[in-house]
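Structural description and commentary
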Amino acid sequence: MATGEPTRPATTGTDPRPRTPVAVLGLGLMGAALAGALLGSGHPVTVWNRTPGRDADLLERGAARADSAAHAAASAPLVVLCVLDHAAARGVLEPLADVLAGRTLVNLTSGTPEEAAETAAWAEARGIAYLDGAIMATPQHVGAAGTAVLYSGPGAAFDEHRDTLLRLGGASAHLGEAPGLASLYDTALLGLMWASLAGWAHGAALLRAEGVAATRFTPFALHWLGAVGGFFEFLTPQVDSGSYPPDATLDVQVAALRHLVHASRARGVDTTLPDAVGLLMERAIAAGHGGASFGAVTEVLTAPAPAPAPAPAP
Ligand code: FVH
């Protein structure tokens, strides 16, 4: 059984609310950070990891070690799972069905919306309250007030453990009952991150071609991202309404994009990124949105690509 097994919820500091015991399964970089944040918030924490020996620091901080995942899960009403991927998660969970019944399982392993729905159905059929979650942070930011962990699944399960879950990230939110929502938001936000990082990298490469260091470029990039955030807010009601009155038309913007392609080519900088953005803009223009705002690009992103023009007759 779990050594030093917690016997009752603890309280801590000035916050008199009792601390729910939590079991943490998976002590990789993220799992260890999750367990550490809960320990730091006064929760009794029992930990388990597939490979022994990754819990030394946590034990020193008061965690209890379980000699199996089942013993860890049996130690707490709230079980947090954070392992490599969906296959690993299901491998851990399958043998725990009986011991998890009647408890709340929070799965913070990355996966697809479909995998989340599959695990949610597995859990529901076994009387396990299941929340899927996406951690929008790296381990060092777990537990911070500004950190967001996005959850989906039964609102009652989130409400029951809200205080505990908010101690993993003060900006966390419950997105809705559909189990795949957290993963869908996660992948959408990661897409925004990768596109933004790609845009920054392209700009840094373009300026480096003229001997300008990234340390000079990034402050301007950060300032400009503030304005770009304003563009998001300007376009949001347009995307929801399907009406795109322009601040700058796509016709005007695609002309400016061609300047980026020209400047890149003239400096030997790859144009894959601006070419891809230009393709989307051209498709929206071809669909009749040349006089619309950039928001009209969403119309072609959700529509099938036009069939390629037939090859000209010989
Ligand atoms: N690290 C990060 O910044 C990101 C932030 C966003 C969310 N991700 C997701 O969190 C999951 C865990 O990621 P991680 O960074 O903790 O990953 P590792 O440090 O490599 O630890 C992996 C743990 O998973 C265990 N594990 C792997 N395979 C299995 C298996 N078949 N059965 C049981 N456990 C397994 C591994 O155990 P061990 O190798 O120590 O025995 C680690 O505990 C992940 O979904 C990220 O996408 C992190």
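What you are looking at is a predicted structure, and each value in this text was computed from that prediction instead of being measured.

1. Some remarks on the domain arrangement of the chain
The domain boundaries assigned to the chain delineate domain 1 (10–179) and domain 2 (209–301). Distance from the C-alpha centre of domain 1 to the C-alpha centre of domain 2: 40 Å.

2. Let's talk about the pattern of salt bridges
Throughout the structure, instances matching the rule amount to six salt bridges. Here D55 makes a salt bridge to R65, at a shortest N to O gap of 2.7 Å. Of this pair, D55 sits in the loop between β4 (45–48) and α2 (56–60) while R65 sits in strand β5 (residues 64–65), and the two are ten residues apart along the sequence. When its relative accessible area of 6% is taken as the criterion, D55 is described as buried. Take R65: its relative accessible area is 39%, and that puts it in the partly exposed class. Across the pair D159 and R162 runs a salt bridge whose closest N-O atoms are separated by 2.8 Å.

3. Description of the sheet that holds strand β9 (residues 149–152)
On the basis of which strands lie adjacent, the open sheet formed by eight strands has the order β5-β4-β3-β6-β7-β8-β9-β10 and mixed pairing. Each end of this open sheet is capped by a strand with a single partner; those strands are β5 and β10 (173–174). Here strand β7 (residues 104–107) runs beside strand β8 (residues 129–135); their pairing, made up of four bridges, is parallel. Across the sheet, the residue bridging to T104 is A129, located in β8. Together, β3 (22–25), β4, β6 (78–81) and β7 form the strand contacts of helix α4 (residues 86–93), whose direction differs from that of β6 by roughly 145°.

4. Quick word on the nonpolar core
The biggest cluster of nonpolar side chains holds 28 residues, and the ones touching the most others in it are V24, L34, V47, V106, L108, Y151 and L168. Among the elements of the structure, β3, α1 (29–40), β4, β6, β8, β9 and α7 (155–160) are those that each provide at least two residues to this core. Setting aside residues no more than four positions away along its own chain, L168 makes contact with L34, A37, L38, L108, V142, G143, T147, V149 and Y151. Core analysis: the next-biggest nonpolar cluster, separate from the first, contains 22 residues, A23, A76, L100 and W122 among them.

5. Notes on the site of the ligand
Near the ligand there are 20 residues, and of these N49, R50, T51, R54 and S110 occur at the shortest range. Interatomic distance of 2.9 Å between a backbone N/O atom of L29 and an oxygen atom of the ligand. In the environment of the ligand, an oxygen atom lies 3.1 Å from a nitrogen or oxygen atom belonging to the backbone of V83. Split into classes, the residues belonging to the shell around the ligand amount to eleven nonpolar, seven polar and two charged.

6. Comments concerning the environment of A276
Within the fold, A276 resides in helix α12 (residues 272–289). Residue classification places A276 among the partly exposed residues on the basis of a relative accessible area of 41%.

7. Focus: the packing of aromatic side chains
Scanning the model with the defined rule gives two aromatic pairs in all. Ring plane angle 50° and centroid distance 5.5 Å describe the contact between Y151 and F158, whose orientation is recorded as tilted. For the pair Y151 and F158, a shared accessibility class is recorded, and that class is buried.

Conventions used here
- Residues numbered from 1 in each chain as written.
- Predicted model: local features only at pLDDT ≥ 70, side-chain atom pairs only at ≥ 80, totals over all residues.
- Heavy atoms only, no water.
- Domains from an automatic or database assignment.
- Salt bridge = Lys/Arg side-chain N within 4 Å of Asp/Glu carboxyl O.
- Helix = DSSP H or I, 4+ residues; strand = E, 2+ residues; numbered from the N terminus.
- Buried < 20%, exposed > 50% of the residue type's maximum accessible area, 1.4 Å probe, protein only.
- Pairing = 2+ DSSP bridges.
- Contact = heavy atoms within 4.5 Å.
- Axes fitted to C-alpha atoms, helices over the stretch in contact; angles between N-to-C directions.
- Core = buried A, V, L, I, M, F, W, Y, C linked by side-chain atoms within 4.5 Å.
- Near = heavy atom within 4 Å.
- Polar contact = N/O pair within 3.5 Å; in protein donor to acceptor, adjacent residues only side chain to side chain.
- Nonpolar A, V, L, I, M, F, W, Y, C, P; charged D, E, K, R; others polar.
- Phe/Tyr/Trp six-rings, centres within 6.5 Å; stacked < 30°, edge-to-face > 60°.

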